[in-house]
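Structural characterization, general
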Protein chains: 2
Amino acid sequence: MKIGILGYGNLGRGVECAIRQNADAELAAVFTRRDPSSVKILTEGVPVVHVSEITGYRDKIDVLIICGGSATDLPTMTPEYAKYFNVIDSFDTHAKIPEHFSNVDRAAKASGKVAIISAGWDPGMFSLNRAIASAILPDGADYTFWGKGVSQGHSDAIRRIEGVLDARQYTIPVPEALERVRSGETPDLSVREKHTRECFVVASPLADKAKIEKEIKEMPNYFADYDTTVHFISQEELDRDHKGIPHGGLVIRSGRTGKDLENRHIIEYSLKLDSNPEFTSSVLVAYARAAYRMNRKGESGCKTVFDVAPALLSPLSGEELRSHML
Amino acid sequence: MKIGILGYGNLGRGVECAIRQNADAELAAVFTRRDPSSVKILTEGVPVVHVSEITGYRDKIDVLIICGGSATDLPTMTPEYAKYFNVIDSFDTHAKIPEHFSNVDRAAKASGKVAIISAGWDPGMFSLNRAIASAILPDGADYTFWGKGVSQGHSDAIRRIEGVLDARQYTIPVPEALERVRSGETPDLSVREKHTRECFVVASPLADKAKIEKEIKEMPNYFADYDTTVHFISQEELDRDHKGIPHGGLVIRSGRTGKDLENRHIIEYSLKLDSNPEFTSSVLVAYARAAYRMNRKGESGCKTVFDVAPALLSPLSGEELRSHML
């Protein structure tokens, strides 16, 4: 299958690398809103094209992976390009998924294409595990923990504070909360009881560090509801020790079965990722394979991870899957 | 959906309990090879019927869950009853799955029914995770660990030894092996390095315990390739401390991504189950829902967990899943 990448940031670069790991996938073109001559990609011989020329590639691309942001890019881009291509995105604004789904579905049904939205790990793999685990254990409770990992949104929020030159924020699950859930308790956990936030901040030499720390800790939505730790470090330390974009987390279903619901069961799915965008990209490429196959079978419209039979994600045949994976 | 249960052992009883936890499912009948009057079930008003009369229930049952053994029951039962019903089984002889699939597929295609085989946790949920994780991370290695939990097959094997009155065998993952895999190493692990076996044995008063222990530890296939510990205990202790049928285990995919495969990722799926048969039963009922829906959409033939879109397992609608689970 021939894949197009729209947007060449961390995610787009991750998709390019993931394509190289999949023998049945081939990078056909990278589309950008920037000046194409300013964009240097890894793969030799593949054109970098201005997004204004994308419709000329309708017959050269089987699936377009849209690597844009959820805030402003994807709500317009995914329905727009579903008019011409099978598309995949990683739209992750949970509250707006139904609206996004409906817009993309309309476009993809009209064009006869398949669009898979919100692929990645949350939404994505975590969603899959929440849905399957709760179908298996109807009497129970779901818990999602994130981290330890870098939250780009929280890091950005700190950087916007006056006197801050750079910052990195880690989201960390509270070990005691995790232990309670794993032990089979089904506690009601507050936001504060589930996660802590740890910030590494580079302040400008003359900045008032106490003021910055206070501003971080009291920031509504981002930090006020959490126990937050702030460390001031040098730019050198930040670059040396906090350059990666690791992330991860876990989804736990704690449920009961039996005549009197006397037996407890814990289903846990966890991810430990060195690179958040590269893992997300790897999920996107697997779902690109599914979109391509579903469209070839005559399907169209918007889909999510819930609608995709797992076999469609794998390069292996049904026979191979049954022999080696079942 | 109206469900029939064929076979009323641990698994059949588990299915009966699981049906009570699912508002859209209803137990229609229990079929048995025993004298029906000797089988007492939990659910009031539901008939217990001799299996010889099962075809009379063709129009009264949407899905038949076949709760038989993989060694001798399921290879004949599942193809036989796929002639009349949508069927589900938990066939778990991994090496014989392709042959079983092909026999069941032939019968279910001829009758226009859907048959889902090898649903449960391994095969089943573990298979799903092996397939999806390896599709996401093509460069990597898979590890499956079982336990800590009771292996019925190994317990039975000990009970067949002369002088043994009762026995319970636990399969236990080796913590060091688990740690190596979780740390991102991709070691080649021998059978002995992955699991140990712990046996609790009730010997008859005059039995030669040293001889029993030697016979267990040297038993080919079952114990010879493992580090095995044998404890002799009283029947009272066995009944008091080892009455449950807990099990569990985990599937880990350790993979790499990036330009030079420099980033490591760990996907881990784990189960901790108080009751192995009740958890398996809960999976079977979720897949019964899928079989019923697939058949109503006009599908037929043999399917596995790889062929079932996750949404089909859930009682929630597409809208509900997208709003609450994505």
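Residues numbered from 1 in each chain as written. Chains lettered and ligands numbered in written order. Predicted model: local features only at pLDDT ≥ 70, side-chain atom pairs only at ≥ 80, totals over all residues. Heavy atoms only, no water.

**So, the sheet that holds strand β14 (residues 301-303) of chain B**
Through backbone hydrogen bonds, the strands of a sheet pair up, either in parallel or in antiparallel fashion. All names here are of chain B. We count it as follows: In short, DSSP must find at least two bridges between two strands for them to pair. Put simply, DSSP marks the helices as runs of H or I at least four residues long and the strands as runs of E at least two long, and each gets a number from the N terminus on. What counts as an axis is a line fitted to C-alpha atoms, over the stretch in contact for a helix, and the angles between N-to-C directions run from 0 to 180 degrees. Two residues qualify as a contact provided that any one of their heavy atoms is within 4.5 Å of a heavy atom in the partner residue.
In space, the 7 strands of this open sheet follow the order β3-β2-β1-β4-β5-β6-β14, with parallel pairing throughout. A single partner strand is all that each edge strand has here, and the edge strands are β3 (48-50) and β14. Taken over all neighbouring pairs, the strand axes of this sheet differ in orientation by 25° on average, direction set aside. Pairing of strand β1 (residues 2-6) with strand β4 (residues 63-66), which is carried by 4 bridges, proceeds in the parallel orientation. Looking at the pairing, Gly4 lines up with Leu64 of β4. Helix α1 (residues 10-20) rests against β1, β2 (26-32) and β4 of the sheet, and its axis sits at about 165° to β1. Against the sheet, helix α3 (residues 97-111) contacts β6 (114-116) and β14, and its axis sits at roughly 140° relative to β14.

**A look at the relation of the copies chain A and chain B**
Our working definition: Superposing copies: least-squares fit, C-alpha atoms only, residues required to have pLDDT of at least 70 in both.
The transformation that overlays chain A on chain B combines an axial shift of 0.0 Å with a rotation of 180°, and the residual RMSD is 0.0 Å. What the superposition gives is, in effect, a two-fold axis relating one chain to the other. Looking at chain A, 100% of its interface residues are interface residues in chain B too, so the copies touch through the same face.

**Some words on the packing of aromatic side chains**
As a reminder, the rule being used: Geometry of aromatic contacts follows a simple scheme: Phe, Tyr and Trp rings, the Trp one being its six-membered ring, pair when their centres are within 6.5 Å, and the pair is stacked under 30 degrees between planes, edge-to-face over 60, tilted otherwise. Burial classes follow relative accessibility: with a 1.4 Å probe on protein chains only, a residue under 20% of its type's maximum area counts as buried, one over 50% as exposed, and anything between as partly exposed. Note on criteria: charge over ring means Lys NZ or Arg CZ within 6 Å of the ring centre, with the direction from the centre no more than 35 degrees off the ring normal.
Evaluated as defined, the whole model comprises 10 aromatic pairs over all chains. Ring geometry for Phe126 of chain A versus Tyr269 of chain A: centroids 6.1 Å apart, planes at 85°, classification edge-to-face. Here the residue Phe126 of chain A occupies a position in helix α4 (residues 125-136), and Tyr269 of chain A occupies one in strand β13 (residues 263-273), the gap between them amounting to 143 residues. Taken individually, Phe126 of chain A and Tyr269 of chain A each receive the classification buried, so the pair is uniform in this respect. For the pair Tyr84 of chain B and Phe85 of chain B, a centre-to-centre distance of 6.5 Å together with 70° between the ring planes defines the contact as edge-to-face. Overall, Phe85 of chain B belongs to the buried group, its relative accessible area being 1%. An aromatic cluster of at least three residues, connected via ring pairs, comprises Trp121, Phe126 and Tyr269 of chain A. Over the aromatic face of Tyr57 of chain A sits the side chain of Lys60 of chain A, whose NZ or CZ is 4.8 Å from the ring centroid. The residue whose ring lies beneath Lys148 of chain B is Tyr170 of chain B, and the NZ or CZ to ring-centre distance is 5.0 Å.

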